[in-house]
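Commentary on secondary and tertiary structure
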Amino acid sequence: MSAPLLSIRDLDVVARSREGDRPLLEGISLDLARGEVLGLVGESGSGKSLLCRTIVGLMPSPALVRTGGKILLKDQDIAGADPASLRRLRGAEIGMIFQNPSSHLDPVMRIGDQIVEGIAFYRGLGRAAAREAALEIMAQVGFTDPPRQFSSYPHEFSGGMRQRAMIAIALGCDPELLIADEPTTALDVTIQAQILRLLMELRAKRGLSIILITHDLGVVAQTCDRIAVMRQGRVVEVGEKRALLRAPQAAYTRSLIASHPSMPVEDECGEVDDVSDHPVAATDVAGVAGTPAPAAAPATPGRPRPLVEIDDLRVCFPAGGGLFSRRRSFAAVDGVSLSILPGETVGVVGESGSGKSTLARAMLGLTPLTSGHVAFEGESLALKPRATRERLHRHAAMVFQDPFNALNPRFTIGETLAEVLRVQGKVPAARIADRVGELLDLVELDRSFATRRPRSLSGGQCQRAGIARALAVEPRLIVADECIAALDVTIQAQIVALFRRLVRSMELTLVFIAHDLAVVRHLCARVVVMHHGRVVEEGPTEAVFARPRQAYTANLLAAVPSIDPGQSLFGPDPRLTVSPVPGTSRQGTNP
Amino acid sequence: MHRYRFILTRPLQFLPVVLGVSLITFVLVRLIPGDPARVLLGARATPTAIANIRAQYGLDEPIWLQYLYFLRNLAHGEMGTSIVFRIDVLDLIVTRIEPTVALVLASVLLSVLIAVPLAALAARNRGRPVDHLVRIVSTFGIGFPPFWLGLMLILFLAVQVPLFPVSGYGTSVGEKLAHLVLPALTVALSLSTVLLRSLRAAMIEGLKSDVATAARARGMPEGVVFWRHVLPNAVAPTINLLAVNVGWLIGSTVVVESVFALPGMGQLLVRAIFSRDYMVVQAIAMVFACATVLVNLAADIATVAVDPRVKL
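All of the points below concern the structure found in this document. Just so you know, the residues in each chain are numbered from 1, in the order the chain's sequence is written. Lettering of chains starts at A and numbering of ligands starts at 1, both following the order in which they are written. Reporting in this predicted model follows two pLDDT cut-offs: at least 70 for local features of residues, and 80 or more for side-chain atom pairs to be given and counted; totals over whole chains, interfaces and linings ignore these cut-offs and use all residues.

It is worth spelling out the nonpolar core at this point. Judged by nonpolar contacts, the single largest core of 230 residues is most densely connected at M363, A468, V479 and V511 of chain A together with I284 of chain B. Put simply, DSSP H or I for four residues or longer makes a helix, DSSP E for two residues or longer makes a strand, and each gets a number counted from the N terminus. The biggest single contributor to this core is helix 9 (residues 173-208) of chain B, with 15 residues. Here contacts are defined at the residue level, using C-beta atoms placed from the backbone and a cut-off of 7 Å between them. Setting aside residues up to four positions removed in sequence, V511 of chain A forms contacts with I340, V346, V348, A360, M363, L477 and V479 of chain A. Buried Ala, Val, Leu, Ile, Met, Phe, Trp, Tyr and Cys residues whose C-beta atoms connect them within 7 Å together make up a nonpolar core. Exposed residues have 12 or fewer other C-beta atoms within 10 Å of their own C-beta, buried residues have 20 or more, and partly exposed residues fall in between, where C-beta atoms are placed from the backbone.

Here it is, written out as structure tokens:
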């Protein structure tokens with residue numbers, strides 16, 4: 001291997017405050033060869049993004065200070081460079097793209113102008129020439145009609161196209177190194193696959209070196225040459241992709257790999273499922289089910305009555321129009337029929353905008369139905385809205401995507417739970433305090449959390465509190481809407497394991513909405529695939545995953561990046577599997 | 001272009017606004033103690049003379065009937081005759097409209113010229129002495145009432161250092177502009193503080209935003225980041241704030257025109273109120289109301305032009 005393009009040695013970064021320095025990055029040493037793709041993996045807070053910000057000298061806060069180490073770009077130490085020369089490095093040498101293209105693109109500037117900005121600045125081209133160059137780059141990153149899309153604004157594009165625009169803007173400055181900070185985390189799997197493919201193509205065409213930050217080992221396995229695993233500000237392991245995934249050395253890497261949802265289900269990696277090992281949970285079964293023989297209903301021969309029946313449901317939202325134009329509407333859910341038996345675990349999957357969340361809200365009577373029926377325990381929401389809603393309030397509960405914002409920040413966790421218990425009135429007032437404790441035990445939070453507020457909790461702890469709040473209803477049905485999407489993978493795995501235990505021990509019916517197919521595969525017995533407000537496929541999870549009948553489902557499954565580098569996300573495309581050639585020259589904007 | 005279609009439908013808002021404003025001013029003006037006929041004829045007028053005047057202007061009719069007459073005339077584009085000036089109200093207003101419009105435009109222009117650079121200076125030096133100075137000065141600006149500011153400006157910039165005329169309006173364009181400087185500055189000193197605060201806050205947000213980070217990450221100099229990316233994004237909320245403040249702006253022209261003896265509508269309004277010149281008060285109130293609606297329309301157009309995401 002020739003001299004590395006970028007070489008980081010013993011980099012230290014601290015957060016400086018009156019109390020002293022708190023280390024955020026400690027002794028980071030990494031190398032990046034020309035044309036190489038390095039995956040930077042780790043949980044939120046592990047310092048991946050900070051590392052990349054440090055490389056380009058864009059500290060998120062003036063309180064963060066580099067205290068030691070070298071950053072060599074083409075053998076030049078840029079760590080101590082003055083602001084002006086650092087600025088010249090950004091863009092021209094090191095380009096960056098970000099997780100959230102929607103907020104990083106200027107909303108009031110045309111896409112084309114944003115690309116032209118960098119081109120004109122670095123290549124000193126005139127307006128017309130810069131525009132030509134921008135159109136070429138737009139075509140290169142997959143804009144279908146560059147001349148027209150040149151004058152569009154960011155909000156007129158989908159998330160995937162916005163990320164392409166970000167990439168085009170970065171490429172406009174013609175960098176040698178691209179830092180991609182979680183570039184696909186906010187995107188649907190199929191779009192993620194397209195963007196990753198684009199990055200790999202650009203690498204092959206331009207000899208671009210890429211640092212890809214992600215929390216998804218699958219993404220890394222599919223794209224990178226080498227992987228660096230970060231935790232708590234340190235690089236715990238770095239190595240060639242296949243070797244590292246096959247034989248991880250650090251314990252943390254092993255747990256990260258084990259948490260990856262595409263790993264085969266080994267009954268929760270040895271976690272204890274048996275109810276009898278959970279004394280609190282065991283006493284709770286009786287308390288929750290309320291009847292002396294909770295198992296009686298599912299065991300009844302013949303067809304049990306469905307808990308939820310949805311019949312040709314349509315939910316429409318107004319979409320523009322008004323006083324002088326005909327009102328238009330948009331069907332978020334467009335003719336869905338579904339029935340859910342007591343005790344079932346049903347996963348609803350689909351891309352964003354497919355209507356999953358609307359279906360969930362309609363199921364709980366939280367959104368007006370346009371037509372069709374939703375029945376809960378045989379009561380129709382359309383025919384007897386008030387009575388059915390009353391019943392839903394007492395027997396169904398929801399767990400939300402954003403655990404922080406779903407909890408009242410002014411209430412302690414104990415107050416939040418006690419409020420539900422008081423309103424529901426199923427537990428005598430004198431028992432509420434005890435019951436709060438039991439609920440916390442149930443979600444495996446220490447009882448001391450009762451006096452804490454959401455602000456002082458981590459994401460995973462908040463979500464456990466959110467689940468405890470749902471359980472406080474003593475529900476028969478829990479609807480969990482993307483409830484793990486905002487969590488780190490290891491935390492995701494814990495929450496999924498918690499759901500599995502709860503479902504098993506409490507006779508819960510669970511509707512689990514997720515865009516992450518692998519998680520649904522772990523957790524749910526039945527899966528419903530939604531697309532454009534309709535159900536395109538449903539059936540037993542294993543059957544659907546093993547033999548999808550619909551092309552849409554198959555595409556969705558194929559787009560999930562496997563943690564096994566052998567199962568390529570991009571199919572057999574020789575260009576994309578080329579290993580980096582040392583000294584690959586940049587080829588400008590030639591396709 | 002359909003984003004701008006609201007320009008065609010918006011004038012329909014005028015109808016309810018004009019009706020509402022006319023009803024309220026019509027009734028309120030007549031609730032003020034005093035009789036225009038008596039004001040007009042003086043203290044020694046005979047009862048018959050007063051009765052004649054009252055009959056001539058329809059003031060002896062019941063109030064609801066007067067209002068219906070008023071609406072009928074309004075539909076024909078007539079606002080009645082001024083009791084004091086004895087000429088058509090519309091003709092009267094037309095002669096007075098120019099100084100007021102000029103004052104409002106000059107005030108807004110000056111406010112923007114004061115607010116934008118100071119806000120930029122403060123935001124880009126956040127937490128430094130410059131920032132604190134700008135904020136302290138702007139707090140004073142909010143605290144001082146316009147009439148007092150106006151008097152101080154006259155004292156310092158017209159009397160002690162005779163840079164600008166003390167009062168009046170003049171006839172040539174140059175004279176008019178010179179006469180407008182101090183009144184406009186009076187209004188602008190108050191208005192710009194409001195804009196300044198909003199702009200500064202929006203700019204500070206903008207400097208921390210992802211858009212700015214992304215621009216820095218592609219090596220744009222801080223000046224480009226600020227003027228090309230931060231400022232345009234900070235303008236939209238300020239336009240709306242400006243529109244909200246137009247009511248206040250029009251109110252303050254009444255005071256400022258009186259202080260500087262500008263022969264505009266505000267000054268006319270004050271005289272009309274004192275002389276119970278009902279027709280003039282009504283007409284000016286309605287002109288002001290329509291102006292407010294128009295300014296809000298202009299603000300909406302500006303917002304749509306500035307921010308491509310906005311749909312109205």
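Pairing between the strands of a sheet comes from backbone hydrogen bonds, and it takes one of two forms, parallel or antiparallel. Residue and element names in this part refer to chain A. A strand pair is defined by DSSP finding two or more bridges across the two strands. One open sheet accounts for six strands, arranged 16-17-18-13-19-20; its pairing is mixed. With partners counted over all chains shown, the strands left at the sheet margins are strand 16 (396-399) and strand 20 (534-540), one partner each. Shown here is a sheet whose adjacent strand axes are inclined to one another by a mean of 15°, direction ignored. Note: strand 13 (residues 345-349) against strand 19 (residues 526-531), four bridges, orientation parallel. Think of each axis as a best-fit line through the C-alpha atoms, taken over the contacting stretch in the case of a helix, with angles from 0 to 180 degrees between the N-to-C directions.

All names here are of chain B. Viewed as axis vectors pointing N to C, helix 9 and helix 12 (residues 246-260) meet at an angle of 145°, and their least axial separation amounts to 10 Å. Helix 12 is crossed by helix 9, and the crossing has right-handed handedness. Two secondary-structure elements touch here, helix 9 through L182, P183, T186, V187, S190 and L191 and helix 12 through L249, S252, T253, V256 and F260. Classes in brief: Ala, Val, Leu, Ile, Met, Phe, Trp, Tyr, Cys and Pro nonpolar; Asp, Glu, Lys and Arg charged; the others, Gly included, polar. Looking at the contact of helix 9 with helix 12, its residues break down into seven nonpolar, four polar and no charged. By convention, the crossing between two helices is left-handed when the near helix turns anticlockwise from the far helix through less than a right angle, and right-handed when the turn is clockwise.

Looking now at the sheet that holds strand 1 (residues 6-17) of chain A. All names here are of chain A. With respect to topology, four strands assemble into an open sheet ordered 2-1-4-5, the strand pairing being antiparallel. Only two strands of the sheet have a single neighbouring strand rather than two, namely strand 2 (20-32) and strand 5 (76-77). As judged from the nine bridges shared by strand 1 and strand 2, these two strands associate in the antiparallel manner. If you follow V14 over to strand 2, its bridge partner there is P23.

No statement about biological role is implied by the geometric values presented.
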